[in-house]
Amino acid sequence: MSSKATQDQLWAESLLLVGIRGGLVLLLAMPLIVTTETLFPFIVGKSVFGRVIIEIVFAMWLVAAILYPKHRLPRSWLLVAFGVYLVVNLLAGVTGVSFQRSLWSTYERMQGTVDLIHWLMLATVLAATFRSFSDWRFLLNVNLFVSLLVALLGVAQRYEVVVGLYDYLPSVQRLGISFGNPTYVGAYMMVNILVGLALLGQSFAPGPTQAVSRAVQRHRRSGERQKERDYWLLGLRLFWVATIALDFWVLTLTSTRGAIIGLASALLIFAGF
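As a convention, each chain's residues are numbered from 1 in the sequence order in which they are written. Local features in this predicted model are restricted to residues of pLDDT 70 or higher, and side-chain atom pairs are both shown and tallied only at a pLDDT of 80 or more, whereas totals for entire chains, interfaces and linings draw on every residue. Excluded from the side-chain calculations are hydrogens and water; all other atoms, namely the structure's heavy atoms, are used.

Asker: Which residues make up the confidence of the model for the chain, and what values do they have?
Answerer: Confidence scores here are pLDDT values: one per residue, from the predictor, ranging 0 to 100. Per-residue confidence for the chain averages 89 on the pLDDT scale, and 92% of its residues sit at or above 70. In what follows, a contact means two residues having at least one pair of non-hydrogen atoms within 4.5 Å. For the stretch residues 208-213, pLDDT sits under 50, and the model shows 1 contact to residues farther than four places along the chain or on other chains.

Rendered as structure tokens:
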């Protein structure tokens, strides 16, 4: 194979990978999507946006998996279990009262078998594309940033501050923000608080002795780069602390008892471990 052909292949592979990962990152913006023109503005827009992105990245991943074996799906019992659940769900729909309703659900819920198929597609692409801890840490940090934006919108809604495209948000006692339902906001904030705590705690965890030894050697050889990494880590920790604090505040403003109890239970379990 010629050098030019090899370079073209690498370029095409990189382009596919950037497209897939970019689409997955874009998908995390779903909580910010609201379509005021639809019958259910807080649901339909998010679902259509999510499904279109998932279909695009799944198609791109199929091309990458066919052309480049290293991007094919790794073995995963979780994906097998998800597939079995999907089959059971489909059989339940076929034997149920209304297969059409089971397949498509309604515009208000949008949680039928078609929706479940999309989540399996998403899980498949995630498992095949994000394989290292650094990959997942990047994705989780982007998700935390989106949750921070949602929380800021919640504070604006609480204090009746008009924010551009979200000027229609009413002043309420229990925040619904861009979800339209305080219960959903509470669950979303609870998960992101736990993710933020996990990333913050992991940043203080000591690495293996060998890795620490190599880090010390690198520090001696390159003090300036080490300082840059320290500043970067400090910035990340400040970001995590700010996001956790603001998300927790917004969680309390939703007055969602289930989310508060869930957060407290999770913190007790974490403390036990």
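Moving on from the model shown.
Asker: Residues and numbers for helix H7 (residues 182-203), please.
Answerer: Owing to its 3.6 residues per turn, the α-helix brings residues three or four apart onto one side. Helix numbers and strand numbers start at the N terminus; a helix is a DSSP run of H or I with at least 4 residues, a strand a run of E with at least 2. Here, expected helix span is obtained from the residue count minus one, scaled by 1.5 Å. In this model, H7 (22 residues) spans 31 Å end to end at C-alpha, consistent with the 32 Å of a helix rising 1.5 Å per residue. The N-cap residue of H7 is Asn181: its side-chain oxygen and the backbone nitrogen of Thr183 are 2.9 Å apart. Polar contact criterion, stated in full: a pair of N or O atoms within 3.5 Å, where within protein one must be able to donate a hydrogen and the other to accept it, and residues adjacent in sequence count only if both atoms are side-chain atoms.

Asker: An account of the pattern of salt bridges is requested, with residue identities and associated values reported.
Answerer: Between Lys or Arg on one side and Asp or Glu on the other, a salt bridge is scored when a side-chain nitrogen of the former is within 4 Å of a carboxyl oxygen of the latter. Following the criterion strictly, the structure yields 3 salt bridges and no others. Among the salt bridges present, the one from Asp135 reaches Arg21, with a minimum N-O distance of 3.6 Å. With Asp135 in helix H6 (residues 133-158) and Arg21 in helix H1 (residues 3-27), this pair connects stretches of sequence that are 114 residues apart. Taking relative accessible area as the criterion, Asp135 reaches 16% and is therefore assigned buried. The partner of Arg51 in a salt bridge is Asp115, with the nearest N and O atoms 3.6 Å apart. Residue Arg51 is located in helix H2 (residues 44-67), and its partner Asp115 is located in helix H5 (residues 113-129); the two are separated by 64 residues in the primary sequence. Exposure classes here rest on a 1.4 Å probe applied to the protein chains alone. A residue is buried below 20% of its type maximum, exposed above 50%, and partly exposed in between.

Asker: Can you lay out the environment of Val52 for me, pointing to particular residues and giving the numbers?
Answerer: By secondary structure assignment, the location of Val52 is in helix H2. Val52 gets classed as partly exposed once you look at its relative accessible area, which sits at 41%.

Asker: Can you break down the environment of Val34 residue by residue, with the values?
Answerer: By the element assignment, Val34 lies in the loop between H1 and H2. When residues no more than four places from it in sequence are discounted, the contact partners of Val34 are Pro41, Phe42, Lys46, Tyr166, Tyr168 and Ser178.

Asker: Account for the packing of aromatic side chains, with residues named and values stated.
Answerer: Stacked, tilted and edge-to-face are the three classes applied to pairs of Phe, Tyr and Trp rings, where Trp contributes its six-membered ring and a pair requires centres within 6.5 Å; stacked means planes under 30 degrees apart, edge-to-face means over 60, and tilted covers the rest. Within the structure shown, the criterion is met by 5 aromatic pairs. Ring centres 6.0 Å apart and planes at 55° place the aromatic pair Phe130 and Trp136 in the tilted group. Seen in terms of ring centroids, Phe179 and Tyr188 are 5.1 Å apart; in terms of plane orientation they differ by 45°. Their pairing is tilted. Stacked on the ring of Phe179, the Lys or Arg Lys46 has its end atom at 5.7 Å from the ring centre. The cationic tip of Arg237 hangs over the ring face of Phe204; the distance from NZ or CZ to the ring centre is 3.8 Å. Working rule: Lys NZ or Arg CZ, within 6 Å of ring centre, within 35 degrees of ring normal, means a charge sits over the ring.

Asker: Before we move on, could you go through the nonpolar core and cite the residues and values that matter?
Answerer: The biggest cluster of nonpolar side chains holds 55 residues, and the ones touching the most others in it are Leu24, Trp61, Val150, Ile177, Met189 and Val250. Once residues lying within four places of it in the same chain are set aside, the contact partners of Ile177 are Phe42, Val150, Leu153, Gly154, Gln157, Leu169, Val185 and Val250. What we call a nonpolar core is a set of buried Ala, Val, Leu, Ile, Met, Phe, Trp, Tyr and Cys residues that are connected through their side-chain atoms within 4.5 Å.

Asker: Can you lay out empty space enclosed by the protein for me, pointing to particular residues and giving the numbers?
Answerer: Buriedness of a pocket was judged along seven lines, with at least five required to meet protein on both sides within 12 Å; pockets are open sets of points on a 1 Å grid over the protein atoms alone, cavities are sets where a 1.4 Å probe fits but cannot get out, and lining residues have an atom within 4 Å of a point. Grid points are joined across faces, edges and corners, and a volume is the space filled by probe spheres set on the points. In total, this model carries 1 cavity of 30 Å³ or more according to the counting rule given. Estimates place the volume of the largest cavity at around 40 Å³. If you trace the largest cavity, you find it lined by Glu13, Leu16, Leu17, Ile20, Trp61, Ala64, His71, Ala128 and Thr129. Looking at the lining of the largest cavity, the elements with two or more residues in it are H1, H2 and H5. Here the lining of the largest cavity takes 4 residues from H1, the largest share from any one element. Only Asp, Glu, Lys and Arg are considered charged, only Ala, Val, Leu, Ile, Met, Phe, Trp, Tyr, Cys and Pro nonpolar, and every remaining residue, Gly among them, polar. Here the lining of the largest cavity is built from residues that sort into 6 nonpolar, 2 polar and 1 charged.

Asker: Can you explain the packing of H6 against H7? Please cite residues and give values.
Answerer: The N-to-C vectors of H6 and H7 enclose an angle of 135°; their axes lie 10 Å apart at closest approach. When the axes of H6 and H7 are compared, the pair comes out oblique. The chirality of how H6 crosses H7 is left-handed. From H6, Phe133, Arg137, Leu140, Asn141, Asn143, Leu144, Val146, Ser147, Val150 and Ala151 reach across to H7, where they touch Tyr188, Met189, Asn192, Val195, Gly196, Leu199 and Gln202. Axis definition: a line fit to C-alpha positions, over the contact stretch in the case of helices; interaxial angles, taken between N-to-C directions, run 0 to 180 degrees. In this scheme, roughly parallel covers angles under 35 degrees and roughly antiparallel covers those over 145, while 65 to 115 is roughly perpendicular and the rest are oblique. Crossing handedness is read from the near helix: turned anticlockwise from the far helix by less than a right angle, it gives a left-handed crossing, and turned clockwise, a right-handed one.

Asker: So what's going on with the layout of surface pockets? Which residues, and what values?
Answerer: Roughly 1200 Å³ of volume is contained in the largest pocket. Lining of the largest pocket is provided by 34 residues; of these, Met30, Pro31, Trp119, Phe179 and Tyr188 occupy positions nearest its centre. Breaking the lining of the largest pocket down by element, the ones donating at least two residues are H1, H2, H5, H6 and H7. Classifying every residue of the lining of the largest pocket by side-chain character gives 23 nonpolar, 6 polar and 5 charged.

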